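Given next are the chains, with one letter for each unit.
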Amino acid sequence: MSENSEIKNVEEPTIKFADDGVEHNINEMPDNAKELMARWHEKKKIRDEFIIKANHDIDDLNILLSSYEVSMKNILEPTEEKKIEVAE
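Residues numbered from 1 in each chain as written. Predicted model: local features only at pLDDT ≥ 70, side-chain atom pairs only at ≥ 80, totals over all residues. Heavy atoms only, no water.

Engineer: How should I be thinking about the overall build of the chain in this particular structure?
Structural biologist: Per the secondary structure count, the chain includes one helix and two strands. Along its sequence from the N terminus, the chain presents helices and strands in the succession β-β-α. The buried share of the chain, reckoned over its 88 residues, is 6%. As presented, the chain carries roughly 9,300 Å² of accessible surface, and 54% of it is formed by carbon and sulfur atoms. (Helix = DSSP H or I, 4+ residues; strand = E, 2+ residues; numbered from the N terminus. Buried < 20%, exposed > 50% of the residue type's maximum accessible area, 1.4 Å probe, protein only. Areas by Shrake-Rupley, 256 points an atom, 1.4 Å probe, with all protein chains shown as cover.)

Below, the structure written as structure tokens:
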């Protein structure tokens, strides 16, 4: 080994189902468990993106609703415009 070589301690990915649960090494899981794990990650990503988009849509709708409220108030409760009379 040369002087520039480094030994890196890379932890293998694991999963556990509770904070105090058994830690399972993903690389040692059977293939059907690995497939479920891949599907789980895919669905979790889709769910997280859905939540982000939904929150943005809610913000947009709240802005639109506020705009409608202002417009309705202006129609139903018009403010009297002060007229400035010009002296001749």
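Engineer: What exactly am I supposed to notice about the pattern of salt bridges here?
Structural biologist: When charged atoms on two side chains of opposite charge get close, those side chains can pair. All chains considered together, the criterion is met by three salt bridges. In this structure, Asp 48 and Lys 44 form a salt bridge, with 3.1 Å as the shortest nitrogen-oxygen distance. Placement of both Asp 48 and Lys 44 in helix α1 (residues 31–76) is noted, with a separation of four residues, approximately one turn of the helix. Between Arg 47 and Asp 48 there is a salt bridge, with its nearest N and O atoms 2.9 Å apart. (Salt bridge = Lys/Arg side-chain N within 4 Å of Asp/Glu carboxyl O.)

Engineer: Mind showing me how you'd approach the confidence of the model for the chain here?
Structural biologist: Fine structural detail should not be taken from predicted coordinates in areas where pLDDT scores are low. For the chain, per-residue confidence averages 88 on the pLDDT scale, and residues scoring 70 or more make up 82% of the total. When pLDDT is averaged over each helix and strand of the chain, the minimum, 90, is found for strand β1 (residues 14–15) and the maximum, 97, for α1. (pLDDT = per-residue confidence, 0-100.)

Engineer: I tried to follow the environment of Glu 11 on my own but got confused; where do I start?
Structural biologist: Residue position: Glu 11 is located in the segment before β1. With a relative accessible area of 72%, Glu 11 lands in the exposed category. Taking the C-alpha atoms as reference, Glu 11 lies 9.9 Å from Asn 25; in sequence the two are 14 residues apart.

Engineer: What is the right way to read a nonpolar patch on the surface from this model?
Structural biologist: Where nonpolar side chains cluster on the molecular surface, the patch consists of Leu 61, Leu 64, Leu 65, Tyr 68, Met 72, Ile 75 and Leu 76 and spans about 760 Å² of accessible area. Looking at the secondary structure, you find Leu 65 in helix α1. Here Leu 65 falls in the partly exposed class, since its relative accessible area comes to 46%. (Patch = residues over 30% accessible without salt bridge, like charges linked within 9 Å, V, L, I, M, F, W, Y side chains within 5 Å.)

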